[in-house]
Amino acid sequence: MTLPKGNPKIPEGINASEEHPLKEFLQLLVGVLLGLVVLVVTLGFLAGAMASLVPFSWESSLSPVVAMHVDGQQGDMDAAETALIELSQGLLASSLEIDVQGDDISSEVPPDALGFHLIDAEFPNAFATLGGQVVVTDELLDTVSSENGLAMVIAHEIAHVQLRHPIEAAGRGIVIQLTLSAVLGSSGNSMLGQVLSSGGALTSLSFSRDMELEADAWALAILRQHYGHVGGADEFFIAMDEEYSESAWLEFAQTHPSTEKRLDQIREAVIADRRSAALVELPAALVIEESADPE
Amino acid sequence: MDALIQWGIFLFLLALGYIFGRRAERKHYRSIIEREDVFRHVVVVSSRFPPVGFSKHRADLVCGNVVISVDYFKTVVAGLRNLVGGNVSVYESLLDRARREAVLRLQEQATELGAETVINLKFETSRVSGNAGQAIGSVEVLAYGTALSRP
């Protein structure tokens, strides 16, 4: 064996590729994100389709217990809750009278399974949860000036229950979270996993926004059946829009569509109705006096 | 909102890792290529036996050791690569640098001993994980061989 005169010059680009690292990064990121979006959308649709197959009685067994949590003015709150339940039952009865072409969406949920509750809370809010439990906060009563405005909110929550949205959202949430953590937990970089799974979670929020618009549409139908018109349906949303004006560009990160978008849908219905019938006054029990409220 | 903050922090770290990592890599490659020319005369081979005419030379162990850290950008690209498979080219350049730097340090040591050549070159590599958990934190490359000097 003889030695060479010197070491050979190492040719570049064989052991380490000369491709720009950003190119590889962008290709991977776009590919993985697209894959995740497709995965989440597919799972979301499947979970949504499966939700209506869950018998309502199963859902009822998951139902949380709603307690009133009142500090002071127990009597007023009791009267208000009774009035609220009365109004809600009226709306529920109207919802069952609506003529529906094709599948009757409300038939799966027994009307007597629905429960209505008034709770003491800091924020104007209303929600429907598993087992058909509809909850309205007392603060919300302050933001509406007519019964029609409050009825829209309650009808919206009844719509969520009748459309099986709580079980759909719960099922979808579990399936998507489990899948994302199973797929992304192995990426070896915890922050990357979190960021990618938040991307997946953002995608799944579009299902939630669709459900809100769907519930708004069904709520308008209930209102029209109950009052003969949908006047006043936009009251709560206008109040919320003034109080908490939100940026439209942030919508993709929200569970609810922007108030603007929802108001558009409601205004369209109000115009389509072409009936400016008089609004019904809020029942006296539901008018929460300022003095009853410490703030 | 939380998600946006998380994405913000992530992109900031990513940009930081990319800008500094890329700068360090370029600078390192320039220096490697420069020094490879300087040490070109110190021939390094992997043969286990001394060449003809070197049997009377003095033999010394020489080694060159390097630890290079991964930057955040590289770990993210590798993390994404983990999901789909394929060449992790961002780590290939990292290890290429480490290997060549280790040989250069070995040659430098051999030069100081007055050696003419280094035979029986071998490499060892290991992962210095630090607190990177399952991921790669830094890589260590050790090059060692037998330096032959004129008696």
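Structure's up top.
Here the residue numbering is sequential within each chain, running from 1 through the sequence in written order. Lettering of chains starts at A and numbering of ligands starts at 1, both following the order in which they are written. Where local features are concerned, this predicted model is filtered to residues with pLDDT of at least 70; where side-chain atom pairs are given and counted, the filter is 80 or more; whole-chain, interface and lining totals use all residues. Hydrogen atoms and water are omitted, and side-chain values are computed over all heavy atoms in the structure.

A. Expanded view of the overall build of chain A. Helix numbers and strand numbers start at the N terminus; a helix is a DSSP run of H or I with at least 4 residues, a strand a run of E with at least 2. When you go through chain A residue by residue, the secondary structure sums to nine helices and three strands. In chain A, the succession of helices and strands from N to C terminus is α-α-α-β-β-β-α-α-α-α-α-α. Exposure categories follow from relative accessible area, calculated using a 1.4 Å probe and restricted to protein chains: below 20% of the type maximum is buried, above 50% is exposed, and the middle band is partly exposed. For chain A, the residues scored as buried account for 45% of the 295 residues in total. Any two residues whose heavy atoms approach within 4.5 Å at even a single point are treated as in contact. Relative to all contacts within chain A whose residues are 6 or more apart in sequence, the contacts with residues 24 or more apart total 77%. Areas reported as accessible are Shrake-Rupley estimates using a 1.4 Å probe. Residue values count occlusion only from the protein chains shown. In the form shown here, chain A has an accessible surface area of approximately 14900 Å², with 58% of it arising from carbon and sulfur atoms.

B. Region of interest: the sheet that holds strand S3 (residues 133-137) of chain A. Residues and elements named next belong to chain A. Strands sit in the order S1-S3-S2 across an open sheet of three strands; the sheet is mixed. Each edge of the open sheet is held by one strand with a lone partner, namely strand S1 (115-119) and strand S2 (126-129). Neighbouring strand axes in the sheet, compared pairwise and without regard to direction, differ in orientation by 20° on average. Strands are treated as partners if at least two bridges between them are detected by DSSP. Two elements, S2 and S3, share four bridges in a ladder whose sense is antiparallel. Each residue of the ladder has a partner; that of Ala128, found in S3, is Val134. A fitted line through C-alpha atoms serves as each axis, taken over the contacting stretch for helices, and the angle formed by two N-to-C directions is quoted from 0 to 180°.

C. Highlighting the layout of surface pockets. Throughout, the protein atoms alone are placed on a 1 Å grid, and a set of points is a cavity if a 1.4 Å probe fits but cannot get out or a pocket if it is open with protein on both sides within 12 Å along at least five of seven lines; lining residues have an atom within 4 Å of a point. Grid points are joined across faces, edges and corners, and a volume is the space filled by probe spheres set on the points. Counted as a void, the second largest pocket has a volume near 450 Å³. Ser17(A), Arg22(B), Glu25(B), Tyr29(B) and Ser93(B) are the residues nearest the centre of the second largest pocket, which is lined by 29 residues in total. Where the lining of the second largest pocket is concerned, the elements lending two or more residues are helix H1 (21-51) of chain A together with helix H1 (2-38), helix H2 (72-84) and helix H3 (89-112) of chain B. The element contributing the most residues to the lining of the second largest pocket is H1(B), with eight residues. Broken down by class, the residue content of the lining of the second largest pocket amounts to ten nonpolar, eight polar and eleven charged. Note on residue categories: nonpolar means Ala, Val, Leu, Ile, Met, Phe, Trp, Tyr, Cys or Pro, charged means Asp, Glu, Lys or Arg, and polar means any other residue, Gly included.

D. Examining the sheet that holds strand S1 (residues 43-44) of chain B more closely. All names here are of chain B. Pairing is mixed across the open sheet formed by four strands, whose spatial order is S1-S3-S4-S2. Among the strands making up the open sheet, the edge pair consists of S1 and strand S2 (58-69). In this structure, S2 lies alongside strand S4 (residues 138-149), joined through twelve bridges in antiparallel fashion. Opposite Asp60, over in S4, you have Ala147 as the bridge partner. This element, H3, spans S1, S2, strand S3 (115-128) and S4 of the sheet and lies at about 145° to S2.

E. How the structure looks around the packing of aromatic side chains. Only Phe, Tyr and Trp rings take part, Trp by its six-membered ring, and two of them pair if their centres are within 6.5 Å. Stacked means planes under 30 degrees apart, edge-to-face means over 60, and tilted covers everything else. Here the structure, examined in full by the defined rule, presents five aromatic pairs over all chains. When the centroid spacing of 6.3 Å and the interplanar angle of 75° are considered together, the rings of Phe10(B) and Tyr72(B) count as edge-to-face. Placement of Phe10(B) in helix H1 and of Tyr72(B) in helix H2 is noted, with a sequence separation of 62 residues between them. Members of the aromatic cluster, joined through ring pairs, are Phe25(A), Tyr18(B) and Phe73(B).

F. Representation of the packing of H1(A) against helix H7 (residues 190-227) of chain A in the model. Residue and element names in this part refer to chain A. Closest axis-to-axis distance for the H1/H7 pair is 9 Å, and the angle between their directions is 40°. The angle between the axes of H1 and H7 places the two elements in the oblique class. As H1 runs across H7, the sense of the crossing is right-handed. In this structure, H1 uses Val32, Leu33, Leu36, Val37, Val40, Val41, Gly44 and Phe45 to contact H7, whose residues at the interface are Leu196, Gly200, Thr203, Ser204 and Phe207. Broken down by class, the residue content of the contact of H1 with H7 amounts to nine nonpolar, four polar and no charged. When describing relative orientation, an angle under 35 degrees is termed roughly parallel and one over 145 degrees roughly antiparallel, while 65 to 115 degrees is termed roughly perpendicular and anything else oblique. Crossings are classed by handedness, with left-handed meaning an anticlockwise turn of the near helix from the far one by less than a right angle and right-handed meaning a clockwise turn.

G. Up close: a nonpolar patch on the surface. All names here are of chain B. Exposure above 30% relative accessible area and the lack of any salt bridge qualify a residue for a patch; like charges then connect within 9 Å, and the nonpolar side chains Val, Leu, Ile, Met, Phe, Trp and Tyr within 5 Å. By definition, a salt bridge exists where a carboxyl oxygen of Asp or Glu is found within 4 Å of a side-chain nitrogen of Lys or Arg. Judged by side-chain polarity, Phe12, Leu16, Ile19 and Phe20 come together as a nonpolar surface patch covering roughly 420 Å² of accessible area. Considering the arrangement of structural elements, one finds Ile19 in helix H1. Since its relative accessible area comes to 48%, Ile19 is described here as partly exposed.

H. Broad picture of H3(B). Multiplying one less than the number of residues by 1.5 Å gives the expected span of a helix. If you check H3(B), its first and last C-alpha atoms are 35 Å apart, about what 24 residues at 1.5 Å a residue would give, namely 34 Å. Just downstream of H3(B), Gly114(B) is the residue with a positive phi angle, here 75°.

I. Up close: unusual backbone geometry. Of note, Arg164(A) is a non-glycine position whose phi angle comes to about 65°, a positive value. Its place among the elements puts Arg164(A) in the loop between helix H5 (147-162) and helix H6 (165-184). Residue Arg164(A) is classed as buried on the basis of its relative accessible area of 3%. Phi is positive for Asn120(B), close to 55°, though the residue is something other than glycine. Relative to the elements of secondary structure, Asn120(B) occurs in strand S3. The exposure class assigned to Asn120(B) is buried, which follows from its relative accessible area of 19%.

On their own, these measurements won't tell you what the molecule is for.
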